[in-house]
Amino acid sequence: ARAPVATLLVQNGTLKIGDSMVVGSVFGKVRAMLDDRLTRVKAASPSFAVEVLGLNDVPQAGDEFEVFASEKEARSIADSRAVDQRVTLNTLSAQAQEGELKELNILLKADVQGSLEAILASLEQLPQDEVQIRVLMAAPGEISETDVDLAAASGAVIIGFNTTLAPGAQQASDRLGVD
């Protein structure tokens, strides 16, 4: 009921209400801060943990945060980071060639259950000494917006075999940068 909330540990400087900040690819303006007793505070100094309200989304655990002079600058930095985090087949291929890709997350959609089982059996036979293949979800049916959201959240690609896209799935794919 309070919108996105993030618990932050201040390491350097002082975080104040009204500061514009970026946490990973999430941005916002500090609207309120609560300490460990859920009491409102106006500033947080180093080694002080606070719950922050005012971000546009919930950041990933472990993301570091930075404070910027303006909300416009924070939005720009967050947008550029969101673009950098998009997983495409081209970025996966480049990472695999450089030896940086250790795990490939896949969402698999097929026309019927029989096709799905055959594809899964074929994937299991592939050598996985360089890159581990993780099938996060395998299901028959069309590719939906929910599938695209799951792929974006887990850094996965969607592989569809003889299936279609649900209305809105292509727009969500383009917006979230999921192949």
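Refer to the preceding data block for the structure.
All of the points below concern the structure found in this document. (Residues numbered from 1 in each chain as written. Predicted model: local features only at pLDDT ≥ 70, side-chain atom pairs only at ≥ 80, totals over all residues. Heavy atoms only, no water.)

## Regarding the pairing of strand β3 (residues 20–23)
In step 1: Along β3, one buried face is formed by S20 and V22 and the opposite face, lined by M21 and V23, is buried too.
In step 2: Looking at chain direction, β3 and strand β8 (residues 65–68) are connected through four bridges and run antiparallel. Bridge pairing in β8 places V23 opposite F65. (Buried < 20%, exposed > 50% of the residue type's maximum accessible area, 1.4 Å probe, protein only. Helix = DSSP H or I, 4+ residues; strand = E, 2+ residues; numbered from the N terminus. Pairing = 2+ DSSP bridges.)

## Things to note about helix α5 (residues 169–176)
At 3.6 residues per turn, the α-helix brings residues three or four places apart onto the same side.
In step 1: All of the buried residues along α5 are A169, A172 and S173. Down the axis of α5, the smallest arc covering the buried residues is 100 degrees, so these residues share one side. Residues of α5 that are exposed and angled more than 90 degrees away from the buried face: Q171, D174 and R175.
In step 2: Looking at the buried side of α5, the elements it contacts are α4 (145–154).
In step 3: In the segment just after α5, G177 is the residue with positive phi, at about 70 degrees. (Arc of directions from axis to C-beta. Contact = heavy atoms within 4.5 Å.)

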